[in-house]
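Notes for the structure review
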Amino acid sequence: MSAGAAWDARRAALFVIPLIIFLALAVLFLYRLGSGDPNLLPSALIGRPAPQTELPALAGVEHDGMPVPGLSSARFAGHVTLLNVWASWCVPCHDEVPLLAELGKDRRIQLVSINYKDTEDNARRFLNRYGNPFAATGRDESGRASIDWGVYGVPETYLIGPDGRIAYKLVGPITAESLRNVLEPEIAKALAR
């Protein structure tokens, strides 16, 4: 092999090897991106007691004609509870309201919420516009309580069993599909305990 041919082989290798590495990483990235449900992020809190939470009420909000209290951990004891973390500035939160309204009618469970990093006026307008499905709503203006819950972003929904332990976490908005295929079966399991 001549010196020119050896040089050409090295130049080709300098081009081909990085290209092969890039393509391998791209295939791995696309595989991971397309595999699994993005709403199923692991949570270290599953099976653990719900974090101690004491949040003030959202003033001027009613549910079934009564003022809505703030959120307290004591509320979870002995009840199957869905805790929804939402904000008025969250577009998917607007989309899930009709499904939350349906869940709020289910007397076997209690539906409560944390209003995340929102102004009180905007949160109140949101609930007055769509209707308030929540039996209790705690204001988390700083986001500190949501950090304790392991919130990645809004909306997120937690299922808490009657023993006060977190049974399930749904990341993202509740959809008709996730309600039917995921939340309803998880609620049924929690009620059977």
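1. Comments concerning the pattern of salt bridges
A side chain with one charge may pair with a side chain of the opposite charge, provided their charged atoms come close. Considering all chains together, one arrives at 10 salt bridges under this definition. A cluster of three or more residues bridged by salt bridges with shared partners is formed by E120, D121, R124, R139 and E141.

2. Some details on unusual backbone geometry
Here the amide bond leading from V154 into P155 is cis, since omega sits at -5 degrees, within 30 degrees of zero. Position of P155 relative to the elements: it lies in the loop between α4 (144-149) and β8 (156-160). Unlike most non-glycine residues, D64 shows phi in positive territory, near 55 degrees. Turning to its location among the elements, D64 is positioned in the loop between β2 (62-63) and β3 (66-67). In this structure, K117 takes a positive phi of about 45 degrees despite not being glycine. As for its placement among the helices and strands, K117 is situated in the loop between β6 (109-116) and α3 (120-130). With a relative accessible area of 42%, K117 lands in the partly exposed category.

3. Some thoughts on the nonpolar core
Counting residues in each nonpolar core, the largest one holds 46 residues, and the members touching the most others are L71, L82, L83, L103, W149, L159 and I174. Every element with two or more residues in this core is listed here: β5 (80-86), α2 (91-104), β6, α3, α4, β8, β9 (166-171) and α5 (176-192). Not counting chain neighbours up to four residues away, the residues in contact with L83 comprise L71, V112, S113, I114, W149, E156, T157, Y158 and I160.

4. What about the pairing of β5?
One face of the sheet, then the other: side chains in a regular strand alternate in exactly this way. In terms of burial, β5 is a largely internal element, 7 of the 7 residues being buried. A two-sided burial pattern is seen for β5, the buried positions comprising V80, L82, N84 and W86 on one face and T81, L83 and V85 on the other. One ladder, built from 7 bridges, connects β5 with β6; its direction is parallel. Note that in β6 the partner of W86 across the bridge is N115. In the classification by handedness, the crossover that spans β5, the intervening α2 and the parallel β6 is right-handed. Two strands pair when backbone bridges link them, and β5 and β8 are joined in this way by 5 bridges, in the antiparallel orientation. Opposite L83, over in β8, you have Y158 as the bridge partner.

5. Overview of the state of the cysteines
Taken as a whole and assessed by the stated rule, the structure comprises 1 disulfide. Residue C90 pairs covalently with C93 via a disulfide, S to S 2.4 Å. Classification of the bridge connecting C90 and C93 rests on its S-S torsion, roughly 85 degrees, and on that basis the disulfide is right-handed. For the pair C90 and C93, a shared accessibility class is recorded, and that class is buried.

6. So, the sheet that holds β9
With respect to topology, 5 strands assemble into an open sheet ordered β7-β6-β5-β8-β9, the strand pairing being mixed. Of all the strands in the sheet, just β7 (136-140) and β9 have a single pairing partner and so form its edges. If you compare each strand with its neighbour and ignore which way they point, the axes differ by 20 degrees on average. In this structure, β8 lies alongside β9, joined through 5 bridges in antiparallel fashion. Its bridge partner lying in β9, L159 is registered against Y168. The strands touched by α5 are β5, β6, β8 and β9; relative to β9, the strand with the most contacts, the crossing angle is about 170 degrees.

7. Concerning the packing of α2 against α3
With their axes 11 Å apart at the nearest point, α2 and α3 run at an angle of 35 degrees to one another. Considering how the two elements wind past one another, α2 and α3 form a crossing that is right-handed. Of the residues in α3, those touching α2 at C93, H94 and V97 are F126, R129 and Y130. Here the residues of the contact of α2 with α3 are counted per class, giving 4 nonpolar, 1 polar and 1 charged.

The rules we used
- Counting of residues starts from 1 at the beginning of each chain's written sequence and follows it residue by residue.
- The predicted nature of this model means local features are confined to residues of pLDDT at least 70 and side-chain atom pairs, given and counted, to a pLDDT of 80 or more, with totals for whole chains, interfaces and linings taken over all residues.
- Hydrogens and waters are ignored; side-chain quantities use all the structure's heavy atoms.
- Salt-bridge detection follows one rule: a side-chain nitrogen of Lys or Arg within 4 Å of a carboxyl oxygen of Asp or Glu.
- Counting from the N terminus, the helices are the DSSP runs of H or I reaching at least four residues and the strands are the DSSP runs of E reaching at least two.
- Using a 1.4 Å probe on the protein chains alone, a residue whose accessible area is under 20% of its type maximum counts as buried, one over 50% counts as exposed, and one in between counts as partly exposed.
- Within this scheme, the nonpolar core is defined by two criteria: the residues are buried Ala, Val, Leu, Ile, Met, Phe, Trp, Tyr or Cys, and they are joined through side-chain atoms within 4.5 Å.
- Should any heavy atoms of two residues lie within 4.5 Å, those residues are counted as being in contact.
- For two strands to be treated as a pair, DSSP must find at least two bridges joining them.
- The handedness of a crossover follows from its direction of travel: if, with the strands pointing away from the viewer, the path from the first strand over the helix to the second runs clockwise, the crossover is right-handed.
- When two cysteine sulfur atoms are found within 2.5 Å, that pair is recorded as a disulfide.
- In this analysis an axis means a line fitted to C-alpha atoms, helices contributing only their contacting stretch, and an angle means the value between N-to-C directions, from 0 to 180 degrees.
- Should the near helix be turned anticlockwise from the far one by less than a right angle, the crossing is termed left-handed; should it be turned clockwise, right-handed.
- In the scheme used here, Gly and all other residues not listed as nonpolar or charged are polar, with Ala, Val, Leu, Ile, Met, Phe, Trp, Tyr, Cys and Pro taken as nonpolar and Asp, Glu, Lys and Arg as charged.

Any functional reading would require information that these geometric values do not contain.
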